[in-house]
Amino acid sequence: MLELRGVRHHYDGRVVLDIERFAVSPGALTAIVGPNGAGKSTLLRLLALLEPPTEGEVLLDGKVVSSGRGARPDAKLRRRVTLVEQRPMLFRGTVRDNLKFGLRARGIRRAELNRLIEDVAARLGIARLLERQRHGLSDGEVQRVAVARSLVIEPDILLLDEPASSADRAAAQTLYHALEEERRRRPLAICLASHQLEDAYRWADDVRALAEGKLSTVTPENLFRVELPNASAGDLKHARVGAVEIAAMTDKSGPAILAVPPTDIIVSREPPPSPSSARNVFTGRVTRLARQRPAAGGDGGAVHVTADVGVELVAVVTDEAARDLGLTLGSTVVFAFKASAVRVF
């Protein structure tokens, strides 16, 4: 297990990460989602042992390998963890030369080396690129080659920063299928940062949200920056978000962030009967449906329902509920949630 504990990381005196605990479990695929500037890339760099945290510790299999107190990992430990950055750099030469590099450094013999290269190239759909020079590749092809270069050396933990950001839909699906196949073949742990929320829900075992350097209890679809009016403590307040007003119970005023947990939103086809405890009731149309894979040993997955209700909101329902409601793209839907369900930061 690769783990951060009590980490606070600073750049130029500014705290960019403040995380009590974050773990990449053996054999799991963990997705980190969040807006630009949330700290996703910094989190991956700390996990990759490329820089030590300003405060706190990075542990690998329970042993401190990097810390703000001076602990530094050795080369053997670094080889167990590989990071593919969002804009990876390839070495001079051909794609094949790039895939050879790490294998040669590990003393792999030529016959085995070529077999491993052909295998990973086929799985990632880049076999036709093997003799291509790096300067003849598109951005999406560079990303896939960089992922292949990391997979071929079989790290214990693979870290990916927006691995499909430059890929078309077909190439992205090929990439995720290859990662899934690799996980079935051996106990590979993967942690990826992504803006593609649908892919994160579909392929990840665990989706974690990062906002302003902190792990959030809700995913970033339902995070809104607002201005709260002045009112007495405990008052019900309304904040304008897009074309709607969201009601929340809070004693805060001024700039704030509202967070609406997707699991706290009740989804229906008709408004709830009056009187209702739900202060927030919005009608709109379904714009996206994303099915999340069930947890290991679970009976069924969840469906993330995105609707335009004057602002984009995401709710989570069970597969069974989605079927019973007959949810389809474009169908009318009602989202309802209590003012007390809205978290205020």
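Let me sum up the structure you'll find in this document. Throughout, residues of each chain are indexed from 1 in the direction in which the sequence is written. Only residues with pLDDT of at least 70 get local features here, since the model is predicted, and only at 80 or more are side-chain atom pairs given and counted; chain-wide, interface and lining totals rely on the full set of residues. By convention in this description, side-chain values take in all heavy atoms of the structure and omit both hydrogens and water.

### Overview of the overall build of the chain
Inference 1: In DSSP terms, a helix is any run of H or I states spanning at least four residues, a strand is any run of E spanning at least two, and both are numbered starting from the N terminus. Helix and strand counts for the chain come out as 8 helices and 20 strands.
Inference 2: Viewed in the frame of its principal axes, the chain has a C-alpha envelope of about 75 × 50 × 40 Å.
Inference 3: Only heavy atoms enter the contact rule, under which two residues are in contact if any of them lie within 4.5 Å. Looking at the chain alone, contacts between residues at least 24 apart form 66% of all its contacts between residues at least 6 apart.
Inference 4: We treat Lys and Arg as the positive residues and Asp and Glu as the negative residues; His and chain ends play no part in the count. The location of each charge is read from NZ of Lys, CZ of Arg, CG of Asp or CD of Glu. The distance from the centre of the 49 positive side-chain charges to the centre of the 43 negative ones in the chain is 5 Å.

### Some remarks on the packing of aromatic side chains
Inference 1: Only Phe, Tyr and Trp rings take part, Trp by its six-membered ring, and two of them pair if their centres are within 6.5 Å. Stacked means planes under 30 degrees apart, edge-to-face means over 60, and tilted covers everything else. Tallying each qualifying case throughout the model produces 3 aromatic pairs.
Inference 2: Judged by centre distance (4.5 Å) and plane angle (45°), the ring pair of Phe91 and Phe101 falls under tilted. Within this pair, whereas Phe91 is found in the loop between strand E6 (81–84) and helix H3 (95–105), its partner Phe101 is found in helix H3, the two being separated by 10 residues in sequence.
Inference 3: When the ring of Phe282 is compared with that of Phe337, the centres are 6.0 Å apart and the planes differ by 55°; the resulting orientation is tilted.

### A few points about the sheet that holds strand E4 (residues 55–60)
Inference 1: Here we have 4 strands laid out as an open sheet, ordered E2-E1-E4-E5, and antiparallel in their pairing. Each end of this open sheet is capped by a strand with a single partner; those strands are strand E2 (14–24) and strand E5 (63–67). With direction set aside, neighbouring strand axes in the sheet form an average angle of 25°.
Inference 2: Two strands pair when backbone bridges link them, and strand E1 (residues 2–11) and E2 are joined in this way by 9 bridges, in the antiparallel orientation. Bridge assignment links Leu2 to a residue of E2, and that residue is Val24. At least two bridges found by DSSP between two strands is the condition for calling them paired. As a rule, the C-alpha atoms of each element are fitted with a line to give its axis, helices using only the stretch in contact, and angles between N-to-C directions run from 0 to 180 degrees.

### Observations regarding the pattern of salt bridges
Side chains carrying opposite charge are able to pair once their charged atoms draw close together.
Inference 1: When a carboxyl oxygen of Asp or Glu lies within 4 Å of a side-chain nitrogen of Lys or Arg, that pair is called a salt bridge. All chains considered together, the criterion is met by 23 salt bridges.
Inference 2: Glu112 is the partner of Arg115 in a salt bridge, and the nearest nitrogen-oxygen pair spans 2.7 Å. Taken together, the positions of Arg115 and Glu112, both in helix H4 (residues 110–123) and 3 residues apart, correspond to about one turn of that helix.
Inference 3: Of the residues examined, Glu112 reaches a relative accessible area of 35% and is grouped as partly exposed.
Inference 4: Notably, a salt bridge pairs Glu180 with Arg183, separated by 3.4 Å at the nearest N-O pair. One end of the pair, Glu180, and the other, Arg183, are both in helix H6 (residues 169–185), 3 residues apart, so they sit about a helical turn from each other.
Inference 5: Here the salt bridges share partners, and the residues they tie into one network are Asp119, Arg123, Glu154, Glu182, Arg185 and Arg186. Summary of the burial criterion: residues with accessible area below 20% of their type's maximum are buried, those above 50% are exposed, and those between are partly exposed, where the area comes from a 1.4 Å probe applied to protein chains only.

### Digging into the environment of Leu103
Inference 1: With respect to the helices and strands, Leu103 occurs in helix H3.
Inference 2: A relative accessible area of 2% places Leu103 in the buried class.
Inference 3: Residues in contact with Leu103, not counting those within four places in the same chain, are Ile108, Leu113, Leu116, Ile117, Val152 and Ile153.

### Looking at unusual backbone geometry
Inference 1: If you check the backbone angles, Asp12 has positive phi at about 50° while not being a glycine.
Inference 2: Take Asp12: it is sitting in the loop between E1 and E2.
Inference 3: Asp12 gets classed as exposed once you look at its relative accessible area, which sits at 84%.
Inference 4: If you check the backbone angles, Glu212 has positive phi at about 50° while not being a glycine.
Inference 5: With respect to the secondary-structure elements, Glu212 resides in the loop between strand E9 (206–211) and strand E10 (214–216).

### A look at the pairing of strand E16 (residues 280–292)
Inference 1: The sheet contact formed by E16 and strand E19 (residues 332–337) spans 6 bridges and is antiparallel. Note that in E19 the partner of Arg285 across the bridge is Thr332.

### Quick word on the sheet that holds strand E11 (residues 223–228)
Inference 1: Reading across from one edge, E11-E14-E20 is the order of the 3 strands in this open sheet, with antiparallel pairing throughout. On the outer flanks of this sheet lie E11 and strand E20 (343–344), each paired with one strand and no other.
Inference 2: Relative to E20, strand E14 (residues 254–259) runs antiparallel, the two sharing 2 bridges. When the bridges of E20 are listed, Ala259 appears paired with Arg343.

### A short note on the nonpolar core
Most often, soluble globular proteins keep nonpolar side chains buried together rather than apart.
Inference 1: In this description, a nonpolar core means a group of buried Ala, Val, Leu, Ile, Met, Phe, Trp, Tyr and Cys residues linked to one another through side-chain atoms lying within 4.5 Å. Residues Leu124 and Leu179 are the most contacted members of the largest nonpolar core, which totals 44 residues.
Inference 2: Ranked by residue count, the leading element in this core is helix H5 (residues 139–151), at 6 residues.
Inference 3: Membership of the second largest hydrophobic core comes to 30 residues, among which are Leu228, Leu258, Val267 and Phe335.

Read these as spatial facts, not as claims about activity.
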